[in-house]
Amino acid sequence: MKYLYGLALAACLVLWSSCRNDFESVPSTGNLEFSRDTVYLDTIFSNIGSSTYNLKVYNRSDEDINIPTVRLGDGEDSNYRLNVDGIPGKTFENIQVLAKDSIFIFVETTIDITNYPNPDNAFLYTDQILFDSGGNEQKVELVTLVQDAVFLFPEDLGNGIFETLSIGTDENGDEILIEGFILDDPELTFTNEKPYVIYGYAAVDAGKTLTVEPGARIHFHANSGILVRDTGSIKANGLPSTDPDLMENEIIFEGDRLEPSFSEVPGQWGTIWLRAGSTNNEFRYTTIKNNVVGILMDSNDGDRTLTLENVQIYNSSNVGLLARNGNIYGENVVINNAGQSAIACSIGGTYTFNHCTFANYWTNSFRTFSTVQLDNLLSETEGVDLNASFNNCIIYGNEQRELGLFESPDSSAQFNFNFTNCLIRFEDPNGDFVDDPNYDFSNMSLYTNVSLNMDPVFQDTALNNFNIESGSSAAENLGITPTTPPVPVDLNGTNRGNPSDAGAYESTVFPDDEG
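Residues numbered from 1 in each chain as written. Predicted model: local features only at pLDDT ≥ 70, side-chain atom pairs only at ≥ 80, totals over all residues. Heavy atoms only, no water.

Participant: Break down the environment of Ala-122 for me, citing the residues and quoting the values.
Facilitator: Relative to the elements of secondary structure, Ala-122 occurs in strand β10 (residues 122–131). A sequence separation of 233 residues divides Ala-122 from His-355, and the C-alpha atoms of the two residues are 39 Å apart. Not counting the four nearest positions on each side in its chain, Ala-122 is found in contact with Ile-113, Leu-145, Val-146 and Gln-147. (Helix = DSSP H or I, 4+ residues; strand = E, 2+ residues; numbered from the N terminus. Contact = heavy atoms within 4.5 Å.)

Spelled out as structure tokens, the structure:
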């Protein structure tokens, strides 16, 4: 009996204690503090949900307080959504905050810009989180910029099935399908009037050309991209920009997450896929970033199939430029930050690169591939011709060996390459490659006036800034002038000297950080 009496008494004390906390909480008197007075939800596209943002509400007093109401200013009509200390909704009552403690409020939104006036294709949507009412009312502002866009997506066929594209057959003869659609003729010109948001793969059909005008912005959802079919073409020809920050005439391909935290995240979308037989593809003054593979090229049509001029490819979770038996010319190209290689020229092909900077300072995971890889391997025993020429280029990165050469045992397959006036990182401290003639850097037929393992002194590799420093860079005055064809100005629009500098940039004086 004593035991049962003691147990009952303990239970009453627990219940009394919990009730007492509620009973002794005092009403809010307008003295809440907040981690910020305005929550800025970064720019979003119309009808695409934002990231989740947080607000912390502090009770600095020595007493537990009760907030009678926490609500959105527009109530149930608001386009914002709240989660207050784990409870979703738009209006809340009797929210307790313990003494010297805090609670979290999470905020997100999805907005249809067509419901609001948007003469400039953008709309600033605002609301407030209101705490209490009357004389004790406190508020935190909510602000979101909503951007209108042209949305392109596969047709919804119902029952969770969407339009698909065939990309061939597997080893069993079964058709391989990916979610995507064919661009109609009126969709084959991307202008700079509004951004484009693409879901799935937008395909350029046989015999058609996708024209991307200067200043266009193309955004891709996850697992999306552009696919150019046999005899199709893409021509993304931007122009030099007067403002290096706005890049108003640059064409930019990137993901559809506009928040700053996503601005340099690799792997957000698929690739620009140039299928076998696609022809006369061109990219000029174009930036491609945050993809799985920047440009994927399957085979060539016998002539130059891809031209890259003043192109930057950054933050590829796999490869920046992956060509399989391609035919490519590139000048003033910069590629950096790839999970495998910056550029991989595989299964042979024909390649010429003048004044390019191929770097790889990937730090997201362990990397085993070199910055530049060349091979002429068709199978373990068969090869295909490779002809590759790199002139006035920088090939560098954060690994010891940033050049990989893989020659087929098939003696009938050519493996021709030459690096002229290039700066290359290739360290072989254990002599693992001494007996491989492809890495004989004294062989002038393969390596002409090449500088090995000297510091290019890049301005900021973490920010994809590959300008080189005047007076310090080993790439300064390394170039031969002119190349064939000549490249008279660098990626910044600066006239090249004589001798020129290796890489995509002429050397410059870096700003003084202390100034």
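Participant: Please provide a residue-by-residue account of the packing of aromatic side chains, values included.
Facilitator: One pass over the structure, following the stated rule, counts 26 aromatic pairs. Ring centres 5.0 Å apart and planes at 65° place the aromatic pair Phe-433 and Tyr-439 in the edge-to-face group. On the accessibility criterion, Phe-433 (23% relative accessible area) is partly exposed. Under the relative-accessibility criterion, Tyr-439 is labelled buried at 8%. Following the ring pairs from residue to residue traces out a cluster consisting of Phe-353, Phe-358, Phe-390, Phe-415, Phe-417, Phe-419, Phe-426, Phe-433, Tyr-439, Phe-441 and Tyr-447. Looking at Arg-257, its charged tip hangs above the ring of Phe-262, at a distance of 4.4 Å from the centre. (Phe/Tyr/Trp six-rings, centres within 6.5 Å; stacked < 30°, edge-to-face > 60°. Buried < 20%, exposed > 50% of the residue type's maximum accessible area, 1.4 Å probe, protein only. Lys NZ or Arg CZ within 6 Å of the ring centre and 35° of its normal.)

Participant: So what about the side chain of Asn-467? Which residues, and what values?
Facilitator: Residue placement: Asn-467 occurs in strand β41 (residues 465–468). Each residue touching Asn-467, except ones within four places of it in the same chain, is listed here: Val-457, Phe-458, Gln-459, Asn-492, Tyr-505, Thr-508 and Phe-510.

Participant: Give me the pattern of salt bridges: which residues, what numbers.
Facilitator: Counted under the stated rule, the structure contains 17 salt bridges. The salt bridge partner of Arg-71 is Glu-137, with a shortest N-O separation of 3.4 Å. Linking Arg-71 in strand β5 (residues 65–72) with Glu-137 in the loop between β10 and β11 (138–147), this pair joins segments that are 66 residues apart in sequence. Taking the relative accessible area as the measure of exposure, Arg-71 reaches 22% and is therefore partly exposed. The class for Glu-137 is partly exposed, based on a relative accessible area of 36%. A salt bridge links Asp-185 to Lys-208; the shortest N-O distance between them is 3.1 Å. Taken together, the residues Asp-185 in the loop between β16 (175–182) and β17 (189–190) and Lys-208 in the loop between β19 (201–204) and β20 (209–212) connect sequence positions 23 residues apart. Owing to a relative accessible area of 31%, Lys-208 belongs among the partly exposed residues under this scheme. (Salt bridge = Lys/Arg side-chain N within 4 Å of Asp/Glu carboxyl O.)

Participant: Got a sec to walk through the state of the cysteines? Specific residues and values, please.
Facilitator: Should the sulfur atoms of two cysteines be covalently bonded, the bond is a disulfide. One pass over the full model with this rule turns up 0 disulfides. No disulfide involves Cys-345; its sulfur sits 11 Å from that of Cys-356, the nearest cysteine. In this model Cys-356 remains outside any disulfide bridge; the closest cysteine sulfur is found in Cys-393, 4.6 Å from its own. Of the residues examined, Cys-356 reaches a relative accessible area of 0% and is grouped as buried. (Disulfide = S-S within 2.5 Å.)

Participant: Please give an account of empty space enclosed by the protein that cites residues and values.
Facilitator: Applying the stated criterion across every chain, the model contains 1 cavity of 30 Å³ or more. Considering only enclosed or pocket space, the largest cavity measures out at about 40 Å³ in volume. Thr-43, Ile-44, Phe-45, Ile-48, Gly-49, Asp-256, Arg-257, Leu-258 and Glu-259 together form the lining of the largest cavity. Broken down by class, the residue content of the lining of the largest cavity amounts to 4 nonpolar, 2 polar and 3 charged. (1 Å grid on protein atoms, 1.4 Å probe; cavity = no way out; pocket = protein on both sides within 12 Å on 5 of 7 lines; lining within 4 Å. Points joined across faces, edges and corners; volume = space filled by probe spheres on them. Nonpolar A, V, L, I, M, F, W, Y, C, P; charged D, E, K, R; others polar.)

Participant: Could you give me a rundown of the nonpolar core, with the residues and numbers involved?
Facilitator: In this structure, Phe-253, Phe-283, Phe-353 and Phe-390 are the most contacted members of the largest nonpolar core, which totals 62 residues. Contacts of Phe-253, omitting those with residues within four sequence positions, involve Val-212, Ile-218, Phe-220, Ile-226, Ala-236, Trp-269, Ile-272, Phe-283, Thr-286, Thr-287, Ile-288 and Lys-289. Grouped together as the second largest cluster of nonpolar side chains are 29 residues, Val-70, Leu-72, Val-97 and Val-140 included. (Core = buried A, V, L, I, M, F, W, Y, C linked by side-chain atoms within 4.5 Å.)

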